[in-house]
Amino acid sequence: SEPQTSELGPISERVLGSGCDDRSLVVLTADRERLHLRLCPFGGRCGELPVPPAVAAAPANGVDVAKLKGTVVLSALQDGVVRVVSSRDEGRSFTPAVVAFDAAEYPELALARRAPWQLLGLGERLLLFGAAVKGNDTYPVLASDDQGVSFRTP
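To keep things clear, this report deals only with the structure shown in the data block. (Residues numbered from 1 in each chain as written. Predicted model: local features only at pLDDT ≥ 70, side-chain atom pairs only at ≥ 80, totals over all residues. Heavy atoms only, no water.)

### Things to note about the overall build of the protein
A tally of regular secondary structure across the protein gives one helix and 11 strands. In terms of C-alpha radius of gyration, the protein reaches 16 Å, essentially the compact-globule figure of 15 Å for 154 residues. Structurally, the protein occupies a C-alpha span of about 55 × 35 × 30 Å along its principal axes. Looking at the 154 residues of the protein, the share that counts as buried comes to 42%. Sequence-distant contacts, at least 24 apart, represent 36% of the contacts inside the protein between residues at least 6 apart. Carbon and sulfur atoms form 53% of the exposed surface of the protein, whose accessible area is close to 8,600 Å². When the 16 positive and 19 negative side-chain charges of the protein are each reduced to one mean point, those points stand 1 Å apart. (Helix = DSSP H or I, 4+ residues; strand = E, 2+ residues; numbered from the N terminus. Rg over C-alpha atoms; globule rule 2.2 N^0.38 Å. Buried < 20%, exposed > 50% of the residue type's maximum accessible area, 1.4 Å probe, protein only. Contact = heavy atoms within 4.5 Å. Areas by Shrake-Rupley, 256 points an atom, 1.4 Å probe, with all protein chains shown as cover. Lys, Arg positive; Asp, Glu negative; His and termini not counted. Charge placed at Lys NZ, Arg CZ, Asp CG, Glu CD.)

Spelled out as structure tokens, the structure:
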């Protein structure tokens with residue numbers, strides 16, 4: 001049989017993040033004006049989902065997406081605060097934003113780019129981490145075992 005193909009989005013959009021589980025692929029992209037969130041069910045056509053306001057308001061270089069166990073999780077870094085929203089219904093609705101990290105509480109991580117806003121799903125665990133400034137630097141990591149509802153240090 002022929003493989004199923006589905007267009008993810010226009011070539012003018014850049015991919016900011018993606019994640020998948022056994023149900024679907026989710027991709028976060030950006031064009032010059034706004035963010036786009038698309039869900040591609042296994043063997044089906046990709047469709048655009050509404051981007052939650054807490055994520056849409058953030059700059060494109062501070063947002064990410066992950067998918068694990070049927071849950072879509074989005075993170076957004078804005079003004080040193082990382083907010084996380086999640087959806088357990090394939091992106092049709094999202095939870096209110098929860099503050100996962102506030103840089104004001106961690107003065108030793110003064111540089112905004114060190115805030116943990118990147119997502120990584122590892123089995124049942126979701127990690128929220130920040131990039132190291134230099135190659136051998138330490139970097140902040142938070143973990144969630146409830147698909148992004150709450151985070152703690154691992």
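Next, the rest of the story.
### Considering the pairing of strand 2 (residues 24–30)
In terms of residue burial, strand 2 counts as a mostly covered element, since six of its seven residues are buried. Note that strand 1 (residues 14–20) and strand 2 share six bridges and pair antiparallel. Within strand 2, the residue paired with arginine 14 across the bridge is alanine 30. In textbook terms, the turn of a hairpin is the stretch between consecutive antiparallel strands, and for strand 1 and strand 2 this stretch comprises three residues. Between the antiparallel neighbours strand 2 and strand 3 (residues 35–41) lie four residues. (Pairing = 2+ DSSP bridges.)

### Describing the environment of serine 150
Counting through the fold element by element, serine 150 comes out in the segment after strand 11 (141–144). For serine 150 and threonine 71, which are 79 residues apart along the polypeptide, the C-alpha to C-alpha distance reads 14 Å. At 2.6 Å, the side chain of serine 150 and the side chain of aspartate 146 are in polar contact. (Polar contact = N/O pair within 3.5 Å; in protein donor to acceptor, adjacent residues only side chain to side chain.)

### Considering the state of the cysteines
Inspection of the entire model under this criterion finds one disulfide. Across a sulfur-sulfur distance of 2.0 Å, cysteine 40 and cysteine 46 are joined as a disulfide pair. Every disulfide takes its handedness from the sign of the S-S torsion; for cysteine 40 and cysteine 46 that torsion is 105 degrees, giving right-handed. With a relative accessible area of 9%, cysteine 40 lands in the buried category. (Disulfide = S-S within 2.5 Å.)

### Some words on the sheet that holds strand 11
Reading across from one edge, 9-10-11 is the order of the three strands in this open sheet, with antiparallel pairing throughout. In this open sheet, the two strands that pair with only one neighbour each are strand 9 (118–122) and strand 11. Across the sheet, the mean angle from the axis of one strand to that of its neighbour is 25 degrees, orientation sign disregarded. As paired strands, strand 9 and strand 10 (residues 125–129) are joined by five bridges and run antiparallel to one another. Looking across to strand 10, one finds that glutamine 118 is bridged to phenylalanine 129. (Axes fitted to C-alpha atoms, helices over the stretch in contact; angles between N-to-C directions.)

### Some words on the pattern of salt bridges
Under the criterion given, the structure shown has eight salt bridges. Two residues, arginine 38 and glutamate 13, come together in a salt bridge whose shortest N-O distance is 2.7 Å. Remark: glutamate 13 occurs in the segment before strand 1 and arginine 38 occurs in strand 3; sequence separation between them is 25 residues. Across this residue pair, the class does not change: arginine 38 and glutamate 13 are buried. A salt bridge links glutamate 90 to lysine 67, with the nearest nitrogen and oxygen atoms 3.1 Å apart. (Salt bridge = Lys/Arg side-chain N within 4 Å of Asp/Glu carboxyl O.)

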